[in-house]
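Residue-level structural notes
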Amino acid sequence: MNPVAPEDSVFEVAPRSFWQALRDLAISAIVVTAIALIVSFISAASAHAQGKPKGELRIGYQKSASLFVLQKAQGTLEKKLSPLGFGVKWVEFPAGPQLLEGLNVGAVDVGYVGEAPPIFAQAAGAKFVYFGYDPAAPRAEAILVTKDSPIRSVADLKGKKVALNKGSNVHYLLVKQLEKNGLKLSDIQPVYLAPADGRAAFESKNVDAWVIWDPFQAAAEKATGARVLADGAPDVVNNYQYYLGERGFVKKHPQVIDALFADSVEQGIWLKKNLRQAAELIAPLQGLPVDVVELALRRYEFNVKPITAAVAADQQQIADTFFALKLIPKPIKVSDAVVTAQP
């Protein structure tokens, strides 16, 4: 056996040490990179968790709810709720009854509707509470006749066909206006139609009058020259608008409700001071001409306040009237659905 020269020994061992070191270095680099990635991921996840809202206010709204439409477009409520750790989710509904159903099944936390939908919802056993209202807007609903109609007073409606949305705010307006003029609902021919169908029947003169609310009212006035025969003023109806909520949410998150109030008041004040600009922002979202929206905005007041005993009593009167007309199956006590009824 030939002896191995020292040089051979060097050249055999050295390459193995070199590749061993290179491998160890590569492994170390991979480990360091992996640790860095893990730390980076944890940091990002932590930052995301810190920035993510801890809660969410889900608001049910209709396109006809101009103030909510403005707030949604401007993102002002989101800014108000951000310091509280709350985000906002806007959920659109076609009308008040569907919104109340959404509130009842837990799809939304709060909503904004007129006087009639909550009465029907409460009579049907829906779980909600009134927690705020906007001041009276008696001119934001009216009995309309065509510009060339011979009808000059509510008394002239006797025996006439009158279109209206059954069980809506205007149903109550019609009843009260008829009473004021010595008539009953049985003295006219009610034709129950949704707003779109009501306008079609009105324009084609298949009905003699149409009872409707804004912005549909303003649209008919501007587009057809429709004449206001009578509205809710003076002292016929108040036509309040209500803020409703899921009872547990309203009680658990008073700061969120306060923020909603504050933003609604601020945006309402801005809207009334800048009617044209507000109308220009709202009109494309409602699919209406700017002048129609501006006219409708003039007839509403936007200054949300907590429910008072007097306002609850007014709503109770409507509920009693609807029960007498057999529009709801049983009498209801509105105060049972009021969070706090103040003097």
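Our structure is the block above this text.
All values reported here derive from a predicted model rather than from experimental measurement. (Residues numbered from 1 in each chain as written. Predicted model: local features only at pLDDT ≥ 70, side-chain atom pairs only at ≥ 80, totals over all residues. Heavy atoms only, no water.)

**Details of the side chain of E294**
- For E294, the location among the structural elements is in helix α12 (residues 290-298).
- According to the relative accessible area criterion, E294 is buried, its value standing at 14%.
- Engagement of the side chain of E294 in a polar contact is seen with the side chain of R276, the distance being 2.8 Å.
- Within the local environment of E294, its side chain forms a polar contact with the side chain of R298, the two groups lying 2.9 Å apart.
- Leaving out residues up to four positions away in the same chain, E294 has contacts with L275, R276 and A279. (Helix = DSSP H or I, 4+ residues; strand = E, 2+ residues; numbered from the N terminus. Buried < 20%, exposed > 50% of the residue type's maximum accessible area, 1.4 Å probe, protein only. Polar contact = N/O pair within 3.5 Å; in protein donor to acceptor, adjacent residues only side chain to side chain. Contact = heavy atoms within 4.5 Å.)

**Structural notes on the nonpolar core**
- Core analysis: the biggest nonpolar cluster contains 52 residues, and F128, Y130, L157 and L174 have the highest contact counts within it.
- Take this core: its biggest share by element is 6 residues, from helix α6 (residues 169-180).
- Filtering out sequence-adjacent residues up to four positions away, L157 remains in contact with I143, I151, V162, D187, I188, A209 and L229.
- By size, the runner-up hydrophobic cluster in this structure holds 38 residues, among which are V88, V129, L260 and A283. (Core = buried A, V, L, I, M, F, W, Y, C linked by side-chain atoms within 4.5 Å.)

**Section: unusual backbone geometry**
- A cis amide bond, omega 10 degrees, links D214 with the succeeding residue P215.
- A cis amide bond links A233 to the next residue, P234, at an omega of -10 degrees.
- Note that P234 resides in the loop between β9 (227-231) and β10 (241-245).
- Of note, K205 is a non-glycine position whose phi angle comes to about 65 degrees, a positive value.
- Inspection of the secondary structure assignment puts K205 in the loop between α7 (195-203) and β8 (209-213).
- In this model, N239 sits at a positive phi of 55 degrees, which is unusual for a non-glycine residue.
- Looking at where N239 falls in the secondary structure, it is placed in the loop between β9 and β10.

**What about the pattern of salt bridges?**
- Counted by the stated rule, this structure contains 11 salt bridges.
- The partner of E266 in a salt bridge is K80, and the shortest N-O contact between them spans 2.9 Å. Linking E266 in helix α10 (residues 254-273) with K80 in helix α3 (residues 76-81), this pair joins segments that are 186 residues apart in sequence.
- For E266, a relative accessible area of 41% corresponds to the partly exposed category.
- The exposure class assigned to K80 is partly exposed, which follows from its relative accessible area of 28%.
- Note that R199 is salt-bridged to E203, the shortest N-O span being 2.5 Å. (Salt bridge = Lys/Arg side-chain N within 4 Å of Asp/Glu carboxyl O.)

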